[in-house]
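Listed here are the chains, written in short residue letters.
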Amino acid sequence: QVQLVESGGGLVQPGGSLRLSCAASGRIARIDVMGWYRQAPGKERELVARATSGTSGDATNYADSVKGRFTISRDNAKNTVYLQMNNLKPEDTAVYYCRAEGTIASAWITYPDIWGQGTLVTVSS
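The paragraphs below set out a description of the structure included in this document. Model, not experiment: these values are computed from the prediction.

Considering the arrangement of structural elements, one finds Ser21 in strand β3 (residues 18–25). With relative accessibility at 17%, the residue Ser21 sits in the buried group. If sequence neighbours within four positions are ignored, Ser21 has contacts with Val5, Glu6, Ser7, Trp36, Val81 and Tyr82.

Here we take up the state of the cysteines. In the structure shown here, the tally under the stated rule is one disulfide. Between Cys22 and Cys98 runs a disulfide, and the two sulfur atoms are separated by 2.1 Å. Judged by the sign of its S-S torsion, about -80°, the bond between Cys22 and Cys98 is left-handed. On the criterion of sequence distance, the pair formed by Cys22 in strand β3 and Cys98 in strand β9 (residues 94–104) is long-range, its members being 76 residues apart. Across the pair, exposure class does not vary: Cys22 and Cys98 are buried alike.

To continue, consider the nonpolar core. The nonpolar side chains of soluble globular proteins are, as a tendency, buried together. Core analysis: the largest hydrophobic core is formed by 30 residues, its most contacted members being Trp36, Val48, Phe70, Leu83, Met85 and Tyr96. Going through the elements one at a time, β3, β4 (30–39), β5 (46–54), β7 (70–75), β8 (80–85), β9 and β11 (119–123) are the ones with two or more residues in this core. Non-local contacts of Leu83, meaning those with residues more than four positions away in its chain, are made with Leu18, Arg19, Leu20, Trp36, Val48, Ala49, Phe70, Thr71, Ile72 and Tyr96.

It is worth spelling out unusual backbone geometry at this point. Leaving glycine out, the prevailing phi sign among residues is negative, and the prevailing peptide bond configuration is trans. Despite not being glycine, Asn79 has its phi angle at roughly 50°, a positive value. As for its position among the elements, Asn79 is in the loop between β7 and β8. Looking at Asn79, the relative accessible area reads 17%, which means it is buried. Of note in the backbone geometry, Asn87 takes a positive phi value of approximately 50° without being a glycine. Checked against the element boundaries, Asn87 lands in the loop between β8 and β9.

The rules we used
Residues numbered from 1 in each chain as written. Predicted model: local features only at pLDDT ≥ 70, side-chain atom pairs only at ≥ 80, totals over all residues. Heavy atoms only, no water. Helix = DSSP H or I, 4+ residues; strand = E, 2+ residues; numbered from the N terminus. Buried < 20%, exposed > 50% of the residue type's maximum accessible area, 1.4 Å probe, protein only. Contact = heavy atoms within 4.5 Å. Disulfide = S-S within 2.5 Å. Core = buried A, V, L, I, M, F, W, Y, C linked by side-chain atoms within 4.5 Å.

Next up, the structure:
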């Protein structure tokens, strides 16, 4: 069984910074895409950032609202993805979820989509 465990959320003032971490545990050979999504109260879950490490090559992408402020990175040896969030704004307040797409556990077992439990980020004075 594979699961994602997130940490790093909390309360920060506008302009502050947080670093989120998400570690995948279990039998894992490779994870094609690891990303961060967020969901604010009354809104749908939206993409924040993704990092791909597939056979087609490595790449990252970001939502327009966080470009220049957030940075996604991953440590494939530890099956961990990070989200460095700088210059946080009140509109960044949301529950942030880690997602793994295309998790290869073995030659016989694959997981197309795995979600973490979410970690709350609150940006307020």
